[in-house]
Amino acid sequence: MTVEPHGHRAVAPFLPAPDKTPRAIRAALLPEEVGDFDREFRAVMAEATETLDLTVVTSFVERWWRVARSSADVSSHRAMLDHAGRLVRGENVAARSWAREVERARRAMRRCVELAHTVDEGEEAV
């Protein structure tokens, strides 16, 4: 078991992640998501009370924690919600090639490694 500080923790790639508590998750959500969170929280707590099974609560916390973590980058999260909404409405949405994104990331990593080697070589020369 590990002890983690209360509040936000730094998580790669540099986005803060809320603690996995309902209070911290709710605080990290966008305002337009809080009502859905509250309604679902009440429903899963009622279900857990009736069934004496906390599985629904832990699943709820895990799922909403992911939403809260995504919400840390507000513009990207809202863009994702817009994109998802357009797909649900059956609109044509331009898709980005996953393979192209992976290759772009690989090229960027190679450039970073090359730059790091250049910096290391420059330090050795000094």
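Keep in mind that what you see is a predicted model, and the values were worked out from it rather than measured. (Residues numbered from 1 in each chain as written. Predicted model: local features only at pLDDT ≥ 70, side-chain atom pairs only at ≥ 80, totals over all residues. Heavy atoms only, no water.)

1. Some points on helix α2 (residues 31-51)
What counts is decided by this rule: Secondary structure elements follow DSSP: runs of H or I no shorter than four residues count as helices, runs of E no shorter than two count as strands, and numbering proceeds from the N terminus. Expected span of a helix, by definition, is 1.5 Å for each gap between consecutive residues, and there is one gap fewer than residues. In this scheme, a residue with accessible area under 20% of its type's maximum is buried, one over 50% is exposed, and one in between is partly exposed, where area comes from a 1.4 Å probe on protein chains only. Directions are taken from the helix axis to each C-beta atom, and the arc is the one they span. Pairs of residues are marked as contacts when any of their non-hydrogen atoms sit within 4.5 Å.
Look at α2: 31 Å from first C-alpha to last across 21 residues, which is about the 30 Å you get at 1.5 Å a residue. For α2, the complete set of buried residues consists of E33, V34, F37, D38, V44 and A48. End-on, the buried residues of α2 take up no more than an arc of 145°, which puts them together on one face. Opposite the buried face of α2, at more than 90 degrees from it, the exposed residues are R39, R42 and E50. Where the residues of α2 are buried, they touch α1 (22-28), α3 (55-71) and α4 (74-88).

2. Comments concerning the environment of A68
Inspection of the secondary structure puts A68 in helix α3. For A68, a relative accessible area of 1% translates into the label buried. Excluding its chain neighbours within four sequence positions, the residues that come into contact with A68 are P18, I25, A28 and L29.

3. Some remarks on the packing of aromatic side chains
Where we set the bar: Each aromatic pair joins two rings of Phe, Tyr and Trp (for Trp, the six-membered one) with centres within 6.5 Å, and gets the label stacked for planes under 30 degrees apart, edge-to-face for over 60, and tilted for any other angle. By definition, being over a ring means that NZ of Lys or CZ of Arg is both within 6 Å of the ring centre and within 35 degrees of the ring normal.
Applying the stated rule across the entire model yields 5 aromatic pairs. When the centroid spacing of 5.8 Å and the interplanar angle of 45° are considered together, the rings of F41 and F60 count as tilted. Taken together, the residues span a long stretch of sequence, with F41 in helix α2 and F60 in helix α3 at a distance of 19 residues. Taking the relative accessible area as the measure of exposure, F41 reaches 27% and is therefore partly exposed. For the pair F60 and W64, a centre-to-centre distance of 6.4 Å together with 50° between the ring planes defines the contact as tilted. Of this pair, F60 and W64 both sit in helix α3, 4 residues apart, which is roughly one turn of the helix. A residue is classified by how much of its surface remains accessible, and W64, at 7% relative accessible area, is buried. By the ring-pair criterion, three or more aromatic residues cluster together here, those being F37, F41, F60 and W64. Positioned above the aromatic ring of W65 is the side chain of K20, whose terminal nitrogen or guanidinium carbon lies 4.3 Å from the ring centre.

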